[in-house]
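One letter stands for each residue in the lines below.
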Amino acid sequence: MNGVEEEVRNTFRSGRTRGVAWRKAQLQGILNLLAEKEDEIFEALKQDLGKHPVESYRDEVGVAKKSAANALRCVEKWMAPQKGRIPLVFFPARGAVVSEPLGVALIFASWNFPISLALDPVIGAISAGNAVVLKPSDLAPKCSSFLANTIPLYLDPEAIKVVEGGKDVAEELLQLKWDKIFFTGSPQVGRVIMSAAAKHLTPVTLELGGKCPAIFDNLSNSSDLQVAAKRIVGAKWGPCNGQACIGIDYVLVETQLASVLIELLQKFIKRFYGENLKTLENLSRIVNKHHFDRVYNLLKDPKVAASVIYGGSVDEENMLIEPTILLNPPLDADIMTEEIFGPLLPIITMNNIEESIQFINSREKPLAIYAFTKNDSLKEKILQETSSGSLTFNDAIVQFICDTLPFGGVGQSGLGRYHGKFSFDTFSHEKAVLHRSFLIELEPRYPPWNNFKMEFVRLAYNYDYVGLVLLLLGLRGLFRTNRSQ
Amino acid sequence: MAMVDVEAIVKELRGTYASGKTNKYEWRVSQLKALLKIAEHHEKEIIDALKSDLSKPEFEAFVHEISMMKTACKLALKELKRWMKPEKVRTSLTTFPSSAEIVPEPLGVVLVISAWNYPFLLSLDPVIGAIAAGNAVVLKPSEIAPATSLVIAKLLGEYMDATAIRVVEGAVPETTALLEQKWDKIFYTGNGKVGRIVMAAAAKNLTPVVLELGGKSPVVVDSNINFKVAVRRIIAGKWGCNNGQACIAPDYIVTTKENVPKLLDAMKHELEKFYGKDPLQSGDLSRIVNANHFHRLSKLLDDNKVVDKVVHGGQRDENNLKIAPTILLDVPEDSLIMKEEIFGPLLPIITVTKVEDAMQFINAREKPLAAYLFTSNKKLEKEFVMNISAGGLLINDTTLHLALSSLPFGGVGESGMGSYHGRFSFEAFSHKKAVLHRSFGGEVGARYPPYTPGKMRFLKALLNGNILGLIRALFGW
């Protein structure tokens, strides 16, 4: 492990990764990889998670492609120094903010989107001119070995390395000193990562999760209701069958609307995914036995089991869980205190939809909040009074592909952000650079101090240039006496 | 003395924050104005406290602490509306029709732990950012500057909204108790050792941190320059900033052998002009903050490896905690003085064969908070900007970049993480919430299963922004 870190660090020190040509070549390399190895990626995702190729393209290949293409198009613009405004007292001077690479970045990817959540941060790190060590998740082993075998063929192997392995490898990596650690995963591991980073004062970006709520307001128009329900079904069970950090965790709705909503959800579940668990080819499976048991256990709690109103069947052998809807499971049950990260969807009813704000605020800040509503004052209230990584009105998940928006959590859902220019910034240090010339010395900067100098700096700090000139001409005292009379 | 109930304070502040009071523009303005009043109405008290803690000359107290704080406050008042405004951003075809914005929102209840060297400014400058961004704040001033800590506690208690802004005075036990609480941001100014403790404590609650640390900030001096001006600017940044006890003060000089005589002559001459023949008597130099630090600095000077390297100064007055501006020439790299941040009035000069070698010397060490270069060679300047990684770079001057609100101030690597000043302060205490507005129109069936080859073609065209491909997919061509 030491050797890997040392090698990429030496490459970084050589200065090679800083040049725009290198960055562009690597980004192009990622685009080539995605174009040429698409079928292999689909196959790996099928094996690891049972993902359908359309889903794999939509959530993984397509997302990474879009991100790399955008970075390739913009990287030069992002790299350009930004001029800062300089007050006259500093004259003559020019200031700028120069973005420079942090050095060697360590990226931990997660298993639920094992290709895009690995490549997307790598794209940011490369755009910013860093050397990278990537550790894919061992819970998606086919994708992990695909990345380990393929990345060296397309990207500079001395600057970008893939290290495969599980917990012990991660721990070994965390002993070393990195210039940035980017982690996607759970809050528990996030804490471990940040504690390890603290030893070396390494900045971290933690992309975590949380219980992302969807607020379902009283939509009077029936076609709006249909669209909203459709989007919820697409967003809940579409991306990796609920195993997504921005997936909908639960829905909040007024009691009177609950039955309508449930009916619609059922309709779209049947239309999209079918009814028979054996033929659910459009759904991902649960990643492994451990997670299957975890999700299954949420359902086994007798009070929770009693609240199941749709689905609930499982196929233990193939690690499949049917899309499942629950109505008002107990709020103190694990299903409502832990992130579900699976195909279960609790519906929580309330008397008034505005209560949902309090409901959300009494829990940890989620990575995303979704609200389906046409009521502008409710929208404003949600916007002002709740806090979350992102807030999306009338849709779900799509905020992820909007690369002008920062993607990242707050509070328990993470810290730091990426996507688009934000990815570049996440892996850059914004260096302040000020250039001065030897001309024009302001005597009052230097001791020994006296009253004249004191008066001078007072005016300078107020940017009172007229006063400064008067002072220099010896007229300041006179001027002031006149004014006070 | 019984320790304050930190838990109760945090609980009260959480209640205030939850009420939404601190989020309001009017509240933020009222608190910023109150801070400004503190600086305007109590200048003398503050200057006296700084004199008592550090013998800080009035001029320095005014320029570096009070004025800087006032400028930051005024800027925040002037710009606050603009900073708070959501930023509209472009959306793409993929989410059409939609509109998107980035909405800054406060983080919640934040902790500011301040330092002793600029005890007034480094306490209130971050507090300005925290208030501007709409947070409730607990400030812990440094106990090593007790008079200033007391003045801050008293004045903030008098002027500020005590339900949302509190000062907790104290030392290690109080800081430890504070770090056990859950915060939404911790802003720490100090050293790397404590920085690590702060970050490790923050990790338990996934709290983001800003760490403003220090490091050995180098000054590279080229040959083709106006030595008098350069030297004056180095002195102003070194001894004119709290007698070297500043995080961005020049730590050492790197120059070529042939520059040394000219540089030294100019230094001696200007030092005498500024601080007189007996600098220990000068009222224009701060003292060393306490006996601990006096002994730490004495140890650096008494190190066997450097005792014969002192070429100027070296006088000490232990009773009054004064050390004269001291220059050392050609100290070995393994001497104590070159291994830790000096943070005092000692200035070693390192000589290299050619000035370009200075960059290698700097890069072999941890990344400093600031790096300075005096040159008229544009090529060298460019290389320096490209190759030297530091919190900030300043060409042909020292420390001034700190005063520019349009530049982010903060370290990298060992010199810290995160930045502040001006708008960057507001951002340091804000969360950038991504907000996407969609309508119920613009339904794209291809998003949903059952999946078909046609949907695949459509998605590929959509994500690649290929409009022609989109149309073809829609019509099934």
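Conventions and cut-offs
By convention here, each chain's residues receive numbers from 1 onward along its written sequence. In the order they appear in the text, chains get letters beginning with A and ligands get numbers beginning with 1. Residue-level local features of this predicted model are given only where pLDDT is at least 70; pairs of side-chain atoms are given and counted only at 80 or more, and the full residue set underlies all totals for whole chains, interfaces and linings. The side-chain values count all of the structure's non-hydrogen atoms but skip hydrogen atoms and water molecules. UniProt positions are given in the numbering used here, feature names are shortened, and annotations may be inferred rather than shown by experiment. A pair of Phe, Tyr and Trp rings is counted when the ring centres sit within 6.5 Å of each other, with Trp represented by its six-membered ring. The angle between the planes then sorts it: under 30 degrees is stacked, over 60 is edge-to-face, the rest tilted. Counting from the N terminus, the helices are DSSP H or I runs at least four residues long and the strands are E runs at least two residues long. Between buried and exposed lies partly exposed: a residue is buried under 20% and exposed over 50% of the maximum accessible area for its type, with that area taken using a 1.4 Å probe on protein chains only. By definition here, charges over rings are those cases where NZ of Lys or CZ of Arg is within 6 Å of the ring centre and within 35 degrees of the ring normal. Whenever a nitrogen or oxygen atom comes within 3.5 Å of another N or O atom, the pair is scored as a polar contact, on the condition that within protein one atom can donate a hydrogen and the other can accept it, and that pairs from neighbouring residues in sequence are kept only if both atoms are in side chains. Should any heavy atoms of two residues lie within 4.5 Å, those residues are counted as being in contact. At least two DSSP bridges between two strands are required for those strands to pair. Orientation is described by axes fitted as lines to C-alpha atoms, over the contacting stretch for helices, and by angles from 0 to 180 degrees between their N-to-C directions. Just so you know how the angles are binned, under 35 degrees is roughly parallel, over 145 roughly antiparallel, 65 to 115 roughly perpendicular, and the rest oblique. Handedness of each helix crossing follows the sense of rotation of the near helix against the far helix: counterclockwise by less than a right angle gives left-handed, clockwise gives right-handed. Amino acid classes used here: Ala, Val, Leu, Ile, Met, Phe, Trp, Tyr, Cys and Pro are nonpolar; Asp, Glu, Lys and Arg are charged; the rest, including Gly, are polar.

- Identification of chain B as Aldehyde dehydrogenase from Anisodus acutangulus is taken from an unreviewed UniProt entry.
- As stated in UniProt under Sequence similarities (unreviewed entry), the record for chain B gives "Belongs to the aldehyde dehydrogenase family."
- UniProt lists a comment for chain B under the heading Catalytic activity (unreviewed entry), and it reads "an aldehyde + NAD(+) + H2O = a carboxylate + NADH + 2 H(+)".

- The name an unreviewed UniProt entry assigns to chain A is Aldehyde dehydrogenase, from the organism Anisodus acutangulus.
- Quoted verbatim from the Catalytic activity (unreviewed entry) heading of the UniProt record, the comment on chain A is "an aldehyde + NAD(+) + H2O = a carboxylate + NADH + 2 H(+)".
- According to the UniProt record, the Sequence similarities (unreviewed entry) comment for chain A is "Belongs to the aldehyde dehydrogenase family."

## Considering the packing of aromatic side chains
Residue and element names in this part refer to chain A.
Piece 1. Enumeration according to the criterion identifies 23 aromatic pairs over all chains in this entry.
Piece 2. Judged by centre distance (4.8 Å) and plane angle (70 degrees), the rings of Phe182 and Tyr418 are edge-to-face. Highlighted residues: Phe182 in strand S6 (residues 180–184) and Tyr418 in the loop between strand S17 (414–415) and helix H16 (421–426), separated in sequence by 236 residues.
Piece 3. Residue classification places Phe182 among the buried positions, given a relative accessible area of 0%.
Piece 4. Consider the rings of Phe400 and Phe407, whose centres lie 4.9 Å apart with planes at 85 degrees: the pair is edge-to-face. The burial state of Phe400 is the same as that of Phe407; both residues are buried.
Piece 5. Counting every residue linked through ring pairs, the aromatic cluster contains Phe182, Phe400, Phe407, Tyr418 and Phe427.
Piece 6. The ring of Phe359 is capped by Arg363, whose NZ or CZ atom sits 3.8 Å from the centre of that ring.

## What about the side chain of Asp222 of chain B?
Residues and elements named next belong to chain B.
Piece 1. Residue placement: Asp222 occurs in the loop between strand S8 (218–221) and helix H9 (227–238).
Piece 2. For Asp222, the side chain forms a polar contact with the side chain of Thr375, separated by 2.6 Å.
Piece 3. Those residues within four positions of Asp222 in sequence are excluded, and the remaining contacts are Phe227, Asn259, Val355, Phe374, Thr375, Asn377 and Leu380.

## Brief notes about the sheet that holds strand S13 (residues 326–329) of chain B
Piece 1. With mixed pairing, ten strands are arranged side by side in an open sheet as S1(A)-S2(A)-S18(A)-S16(B)-S15(B)-S8(B)-S9(B)-S14(B)-S13(B)-S10(B). The sheet is open, and its two edges are formed by strand S1 (82–84) of chain A together with strand S10 (310–312) of chain B, each paired on a single side. Strand-to-strand twist in this sheet, taken as the mean axis angle between neighbours without regard to direction, amounts to 25 degrees.
Piece 2. In terms of strand pairing, S13 of chain B meets strand S14 (residues 346–352) of chain B through four bridges, oriented parallel. For Ile327 of chain B, the partnering residue across the bridge sits in S14 of chain B and is Leu347 of chain B.
Piece 3. Docked against the sheet, helix H10 (residues 260–275) of chain B engages S8, strand S9 (252–256), S10, S13 and S14 of chain B, running at close to 140 degrees with respect to S9 of chain B.

## Digging into the UniProt feature "active site" (unreviewed entry) in chain A
All names here are of chain A.
Piece 1. As annotated in UniProt, the feature "active site" (unreviewed entry) corresponds to Glu207 and Cys245 in the numbering used here. Across 39 residues of sequence, these annotated residues stay compact in space, with a maximum C-alpha separation of 8.7 Å.
Piece 2. Assignment of secondary structure puts Glu207 in strand S7 (residues 204–207).
Piece 3. Note on Glu207: relative accessible area 3%, which makes it buried.
Piece 4. Those residues in contact with Glu207, other than ones at most four positions away along the chain, are Phe182, Phe183, Thr184, Gly185, Phe407, Gly408, Gly409, Ser413, Gly416, Arg417 and Tyr418.
Piece 5. For Cys245, the location among the structural elements is in the loop between helix H9 (222–237) and strand S9 (250–254).
Piece 6. Those residues in contact with Cys245, other than ones at most four positions away along the chain, are Asn112, Leu208, Gly209, Gly210, Cys212, Glu339, Phe341, Leu367 and Phe407.

## Focus on unusual backbone geometry
Piece 1. Cis peptide bonds are those with omega within 30 degrees of zero, and the linkage from Pro447 of chain A to Pro448 of chain A qualifies with -5 degrees.
Piece 2. Cis peptide bonds are those with omega within 30 degrees of zero, and the linkage from Pro449 of chain B to Pro450 of chain B qualifies with -5 degrees.
Piece 3. Along the chain, Pro450 of chain B turns up in the loop between strand S18 (430–438) and helix H16 (453–463).
Piece 4. Here Asn241 of chain A, not a glycine, exhibits a phi torsion of approximately 50 degrees, which is positive.
Piece 5. Position of Asn241 of chain A relative to the elements: it lies in the loop between H9 and S9.
Piece 6. Judged by its relative accessible area of 0%, Asn241 of chain A is buried.
Piece 7. Phi at Met319 of chain A takes a positive value of approximately 55 degrees, unusual for a residue other than glycine.

## Observations concerning the UniProt feature "active site" (unreviewed entry) in chain B
Residue and element names in this part refer to chain B.
Piece 1. Taking the UniProt record as the reference, the feature "active site" (unreviewed entry) is found at Glu212 and Cys247. Taken along the chain, the residues just named run across 36 residues; in space they keep tight, none of their C-alpha pairs more than 8.8 Å apart.
Piece 2. Looking at where Glu212 falls in the secondary structure, it is placed in strand S7 (residues 209–212).
Piece 3. Classification of Glu212 as buried rests on a relative accessible area of 3%.
Piece 4. Setting aside residues no more than four positions away along its own chain, Glu212 makes contact with Phe187, Tyr188, Thr189, Gly190, Phe409, Gly410, Gly411, Ser415, Gly418, Ser419 and Tyr420.
Piece 5. Relative to the helices and strands, Cys247 resides in the loop between H9 and S9.
Piece 6. Taking the relative accessible area as the measure of exposure, Cys247 reaches 17% and is therefore buried.
Piece 7. Filtering out sequence-adjacent residues up to four positions away, Cys247 remains in contact with Asn117, Leu213, Gly214, Ser217, Glu341, Phe343, Leu369 and Phe409.

## Quick notes on the packing of helix H2 (residues 20–36) of chain A against helix H4 (residues 53–79) of chain A
Residues and elements named next belong to chain A.
Piece 1. In the contact formed by H2 and H4, the axes pass within 9 Å of each other and the chain directions differ by 165 degrees. The pairing of H2 with H4 is recorded here as roughly antiparallel in orientation. Every pair of crossing elements has a handedness; the one defined by H2 and H4 is left-handed. In contact with Val20, Arg23, Lys24, Leu27, Gln28, Ile30, Leu31 and Leu34 of H2, H4 contributes Val61, Ala64, Lys65, Ala68, Ala69, Ala71, Leu72, Val75, Glu76 and Met79.
Piece 2. Here the contact of H2 with H4 is built from residues that sort into 13 nonpolar, one polar and four charged.

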